[in-house]
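One letter stands for each residue in the lines below.
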Amino acid sequence: APTAEALGPATQFNQAVADAAHNEVLAGMIGSFVQLMVERGPDLYEREGFRDWDIEEHTRIYEAIAAGDPEEAATRMREHILALDEHYRAVGSG
């Protein structure tokens, strides 16, 4: 999918997880990432391997949610957010 088409579902997934968690801190963090996705997402989604990594991460988070394991889902989401921060930093300085 073209980058613009890939950004929408990725943003929506992260926001849906934050909303479902009823966690204001998580929602705030995701909100800040939405702005980064608008600004830097096109560069990030063009990086080799990023799309596959992002889909795998979202799948792992979804699987924990579907299994009814909120602790594991929260852990996976935290790890995803921290890793995303590193990816966004890498494209933000270029």
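These figures come from a predicted structure and were not determined experimentally. (Residues numbered from 1 in each chain as written. Predicted model: local features only at pLDDT ≥ 70, side-chain atom pairs only at ≥ 80, totals over all residues. Heavy atoms only, no water.)

A. View of the confidence of the model for the protein chain. Per-residue confidence for the protein chain averages 82 on the pLDDT scale, and 94% of its residues sit at or above 70. The lowest-confidence element of the protein chain is helix H2 (residues 24–45), averaging 77 in pLDDT; the highest-confidence one is helix H3 (residues 50–66), averaging 93. (pLDDT = per-residue confidence, 0-100. Helix = DSSP H or I, 4+ residues; strand = E, 2+ residues; numbered from the N terminus.)

B. Geometry of helix H4 (residues 70–92). Between the first and last C-alpha of H4 there are 32 Å, a value that for 23 residues agrees with the 33 Å anticipated at 1.5 Å per step. For H4, the full list of buried residues reads Ala73, Arg76, Met77, His80, Ile81, Leu84, Tyr88 and Val91. (Expected span 1.5 Å × (residues − 1). Buried < 20%, exposed > 50% of the residue type's maximum accessible area, 1.4 Å probe, protein only.)

C. Spatial organisation of the packing of H2 against H4. The N-to-C vectors of H2 and H4 enclose an angle of 35°; their axes lie 10 Å apart at closest approach. Once H2 is placed against H4, the crossing between them reads as left-handed. Contact residues: H2 offers Leu26, Met29, Ile30, Phe33, Leu36, Met37, Arg40, Gly41, Asp43 and Leu44, while H4 offers Met77, Ile81, Leu84, Asp85, His87, Tyr88, Arg89, Val91 and Gly92. A breakdown of the residues in the contact of H2 with H4 according to their chemical character gives 12 nonpolar, three polar and four charged. (Axes fitted to C-alpha atoms, helices over the stretch in contact; angles between N-to-C directions. Left-handed = near helix turned anticlockwise from the far one by under 90°. Contact = heavy atoms within 4.5 Å. Nonpolar A, V, L, I, M, F, W, Y, C, P; charged D, E, K, R; others polar.)

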